[in-house]
Amino acid sequence: MSVIDPSNRGLQLATRYVVLTLIAVIFAFPLVFMLVSSLKPDDQLLRDTASLRAFLPVGDLSLQNYYAAFDRAPVGTFILNSVLVTGVTVALSLFVCSMAAFAFVFLRWSGRDLVLGVILATLIVPFETIAIPLLLVVSKLPWIGLDGFSLGWLNTYRVQIVPFIADGLTIFLFVQYFKDLPGDLAEAARVEGASNWQIYRKVVMPLAGPVLATAAILKFLVMYNQYLWPLMVVQEEGRRPVMVGLQYFFQLNRAWGEIMAYLSMITVPVLAFYLYMQRSFIASIASTGVKG
Amino acid sequence: MAEISLRQVRKSFGSSEVIKGVDIDIADGEFCVFVGPSGCGKSTLLRMIAGLEDISSGELRIGGRVVNDLPPKERRIAMVFQSYAIFPHMTVRENVAFGLTIAGASKAEKETKVAEAARILQMEHLLDRTPAQLSGGQRQRVAIGRAIVRKPEVFLFDEPLSNLDAALRMDMRLEIGKLHQQLKATMIYVTHDQVEAMTLADKIVVLKGGEVMQVGSPMELYHNPANLFVAGFLGSPSMNFLDVEIRGVQGSRVLVANSALEPVEVMPKVGTYTPGGRARLGVRPQYLTPVIGDGSATPPNAGRLHGTVALTERLGAETVVETTLSDRSRVIAALARDEVYPIGAEVTLAFKPEEAHLFPV
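Residues numbered from 1 in each chain as written. Chains lettered and ligands numbered in written order. Predicted model: local features only at pLDDT ≥ 70, side-chain atom pairs only at ≥ 80, totals over all residues.

Looking at an unreviewed UniProt entry, chain B carries the name sn-glycerol-3-phosphate ABC transporter ATP-binding protein UgpC, with the source organism given as Rubellimicrobium rubrum. For chain B, the Sequence similarities (unreviewed entry) comment in UniProt is given as "Belongs to the ABC transporter superfamily." (UniProt positions renumbered as here; feature names shortened; annotations may be inferred.)

Identification of chain A as Carbohydrate ABC transporter permease from Rubellimicrobium rubrum is taken from an unreviewed UniProt entry. If you open the UniProt record of chain A and go to Sequence similarities (unreviewed entry), you find "Belongs to the binding-protein-dependent transport system permease family."

### Looking at the sheet that holds strand E8 (residues 186-191) of chain B
Residue and element names in this part refer to chain B. A sheet is described by the order of its strands in space; here six strands give the open sequence E6-E7-E8-E3-E9-E10, paired in mixed fashion. Two strands close off the open sheet at either side, each with one partner strand: strand E6 (77-80) and strand E10 (211-216). Geometrically, the sheet is characterised by an average inter-axis angle of 15° between neighbouring strands, direction not taken into account. Summarising the sheet, E6 and strand E7 (residues 154-158) pair through four bridges and their orientation is parallel. Considered in E7, the bridge of Ala 78 is made with Phe 155. (Pairing = 2+ DSSP bridges. Helix = DSSP H or I, 4+ residues; strand = E, 2+ residues; numbered from the N terminus. Axes fitted to C-alpha atoms, helices over the stretch in contact; angles between N-to-C directions.)

### Details of the interface of chain A and chain B
On the side of chain B, 20 residues touch chain A, which itself brings 19 residues to the contact. Of all the secondary-structure elements, those providing two or more residues to the side of chain A that touches chain B are helix H9 (183-191) and helix H10 (196-204) of chain A. Here the side of chain A that touches chain B is built from residues that sort into nine nonpolar, five polar and five charged. (Contact = placed C-beta atoms within 7 Å. Nonpolar A, V, L, I, M, F, W, Y, C, P; charged D, E, K, R; others polar.)

### Considerations on the packing of helix H5 (residues 136-148) of chain B against helix H6 (residues 166-183) of chain B
Residues and elements named next belong to chain B. Running from N to C, H5 and H6 point in directions that differ by 15°, and their axes come no closer than 11 Å. In this view, H5 runs roughly parallel relative to H6, as classed from their interaxial angle. Every pair of crossing elements has a handedness; the one defined by H5 and H6 is right-handed. Together, Gly 136, Gly 137, Gln 140 and Ile 148 of H5 and Leu 168, Met 172 and Leu 183 of H6 make up the contact between the two elements. (Parallel < 35°, antiparallel > 145°, perpendicular 65-115°, else oblique. Left-handed = near helix turned anticlockwise from the far one by under 90°.)

### Some thoughts on the UniProt feature "transmembrane region" (unreviewed entry) in chain A
All names here are of chain A. In the numbering used here, UniProt assigns the "transmembrane region" (unreviewed entry) feature to residues 17-36, 78-107, 114-137, 157-178, 199-222 and 259-277. Taken end to end, residues 78-107 comprises 97% helix and 0% strand; its first and last C-alpha atoms sit 42 Å apart. Structurally, residues 259-277 is divided into 100% helix and 0% strand, and its ends, taken at the C-alpha atoms, are 28 Å apart.

Structure representation (structure tokens):
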């Protein structure tokens, strides 16, 4: 006979929450340090690192560092550029990679496994090894835009976007997820008269919520943290993303408070995006929880 | 009109041939069941008719048109899958209307047709639920609803009942039978369950190893199996087979016997036999009866088997007696009453010669 004592249960729950809170605090420390330090003048900031005061918003607090950061670098432009480049790349990448995965899983064509193998093999090639060849390619690529024909993609948004739309990891994530979907669903849709596009659009993608969220988060992190590539291909200040912008604060006189202010500003979009995706991530898992 | 004909239809996966030149004719409105052990190619054949698998060679016609190279949607078929394959992210209503949505039907048309399908399948109350909220039987109904709503000329069922429990399976079997009478469409039904095959079919196609073993009505196949495989596959418990030697041939009559079987004259429907040769004699368990007393009640031309009782299973309405014959082979008799046979008791089982089947070896 087992009797559940409600007070005992409450205690268990409380213990669990205390432990979880502690873990959360440990993970939050660097972020708290960054946010708190961004409000302190440099001399106090350095003094406080010797004690727990480093994590507390105490002493001479002001938004001075933020104003200074804006004076030193075009922060708004950098953030806008990063958001634009990252947003467009993530959207296009999810679309293109999921379509590619659809072709690998739901369509039959000769050479399918070979092509997939080659794509997966690109996963082990570090970006650094192809950076220089890629630079040579994009520097000569033609483009027809609103202002007519031009040669060379340097100093543009597209040079930061196009090379990253299709990537092996995202395709692999979609392929694995699609393989786990019941194959009968696509076949049933086909018998009902659906075209490949309709199967993709109406059957497969509505069930792809979890993998969309995962792929979007991973792609977002990669794109938002881009440093080497934009440094190589974008010299024009007005097209540069946030990570490259960090350079501005390490030249001349180093100001830690301003660095912390700048970091705080560029971290907020990441956290916001993650929290947003986390919600849809959980929702999509719940909606596909269908028993066989 | 949607008669279906297969002519020398073949299918290979790489170098292995899984469908080996199949010829089948299915009349308009007929209920045809493909039955066979797993791996016999019945599902592959169905998927070829559906257009989900290519046809390696041969000709497939539906309603007179050659459809070998037509995609599924142009074959005017609907299919019910073993896993039901209903879309988990749509409501029942959206699932049933899926084909109509794809075809660009108007909202009013969809509503009328979905309502009609729901009425036929008695699932009006389920229309706004999602698949996660349905039981297995209800999901099956949705799958069938999605199939009937487009009014296809041919229905294809791929083991639709195998995921249901026994009681529900019987209900749904009856319903599918009713549905066929109501819709009068051509139906092809794949199963490994011979009870489903016997009860539903106008025509049964028995398949084995990618080849057609026999085609015919359920009773034709039951009473006149063309070969050992069909004889052993249909009927439960399955037919008893005895190795016998041919003692004599006179016209269409063949005298057979072995050490446990007294000489008996049977009239085989298949094969040719010569005296001194060997053959297989098949008798269904239901046609074996014990000889009582001195045997004067048993007709003199009956076949008689001698053995000892090895096992009895009393099922109430029926008693299944397993007997070890004097040549150490085993036969099963299904007696239509509750009787006790002590294990080890000597028993003589008799059968009418016209109820025995002889097959060449």
